[in-house]
Amino acid sequence: MLDFDNNGHRDLFIACGHLQYNVELWDDTTSYEARNILLQNTGQGKFIDISARSGDGMAVKRSSRGAAFDDLDNDGKIDVVILNSRREPTLLRNDSPGQNHWIEIRLRGTRSNRDGIGARIKVVAGDLTQVDEVHSGRGYQRHYGMYPHFGIGNRTRIDRIEVRWIGGGTDVLEGVEADRLLQITEGSSHQ
C-alpha cells in the first residue's frame, strides 16, 4: 500500500501471476501470465480499479512475483519495479499529474542503527495524520524503500513530524515545507 497520487490516501498495487508455468493445460479459467492491478483509494473506505487507465505498463502480462517501490527519478512520485518469473523485471515510472504535495523522509541514526530501521514516523499536515515505519524489507521479493513517503494532498506545509527512534529517543520538527526529501538525524531535535 503506497500513495501513488500523493493525495494522502494509500493506494494498493497487486503483483499478479500464477505459480504453475503450464496451468492452462488443466485449468482454462486462469493463465500463468496476468496483468498487475492498481487500486486507487477513494478516501471513503473504498478502492477502485484504475489499472486500465494507468498507462501501458499496467497492460503488460507477466507472472509477477513481487514488487519494489521507491521514487527512482526523484520527482516526488512512487515508481515500481516488478520482479517477474522467468522474465526480465518490469519498471513502471509514475507520471501521474503532480498537483498533490508530498514529503519523503530519510533517517540517519546516531545512537540507534544508521538507517533508522524500526523507527516510527508520524506526519501531521492540517487535518491529515499519517504514520509509517522504516523497514529494510517487507517480504519475499518485495521492498517498500528505505525512505517513508507521505502524500499530503493540497497541503503545502507539514505542521509536525515526529520520529520515535528504536533506541527510545524522539525527534520533532515543525513547520516543514513540502515537496522534498528531508533528512532527519537522530538527536537533532528533542521533544
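To keep things clear, this report deals only with the structure shown in the data block.

1. Focus: the environment of aspartate 56
Right, on to step 1. Positionally, aspartate 56 belongs in the loop between β4 (47-49) and β5 (61-62).
Right, on to step 2. Its relative accessible area of 71% is what places aspartate 56 among the exposed residues.
Right, on to step 3. For the pair aspartate 56 and alanine 15, spaced 41 residues apart in the sequence, the C-alpha separation amounts to 16 Å.

2. Considering the sheet that holds strand β6 (residues 64-70)
Right, on to step 1. Read across the sheet, three strands follow the order β6-β7-β8 without closing on themselves; strand pairing throughout is antiparallel. Across the chains shown, the open sheet's two edge strands, defined by having one partner strand only, are β6 and β8 (90-92). Between one strand and the next, the sheet's axes are offset by a mean angle of 20 degrees, whatever the strand orientation.
Right, on to step 2. Relative to strand β7 (residues 79-84), β6 runs antiparallel, the two sharing six bridges. The partner of alanine 67 across the bridge, within β7, is isoleucine 82.

3. Examining the side chain of lysine 77
Right, on to step 1. Of note, lysine 77 is situated in the loop between β6 and β7.
Right, on to step 2. The charged side chain of lysine 77 is buried without a salt bridge, its nearest counter-charge being aspartate 75 at 4.4 Å.
Right, on to step 3. Beyond its immediate sequence surroundings of up to four residues, lysine 77 is in contact with Asn6, Asp70, Asp71, Asn94, Asp95, Ser96, Pro97, Gly98 and His149.

Here is what the cut-offs are and how they apply
Residues numbered from 1 in each chain as written. Predicted model: local features only at pLDDT ≥ 70, side-chain atom pairs only at ≥ 80, totals over all residues. Heavy atoms only, no water. Helix = DSSP H or I, 4+ residues; strand = E, 2+ residues; numbered from the N terminus. Buried < 20%, exposed > 50% of the residue type's maximum accessible area, 1.4 Å probe, protein only. Pairing = 2+ DSSP bridges. Axes fitted to C-alpha atoms, helices over the stretch in contact; angles between N-to-C directions. Lys, Arg positive; Asp, Glu negative; His and termini not counted. Salt bridge = Lys/Arg side-chain N within 4 Å of Asp/Glu carboxyl O. Contact = heavy atoms within 4.5 Å.

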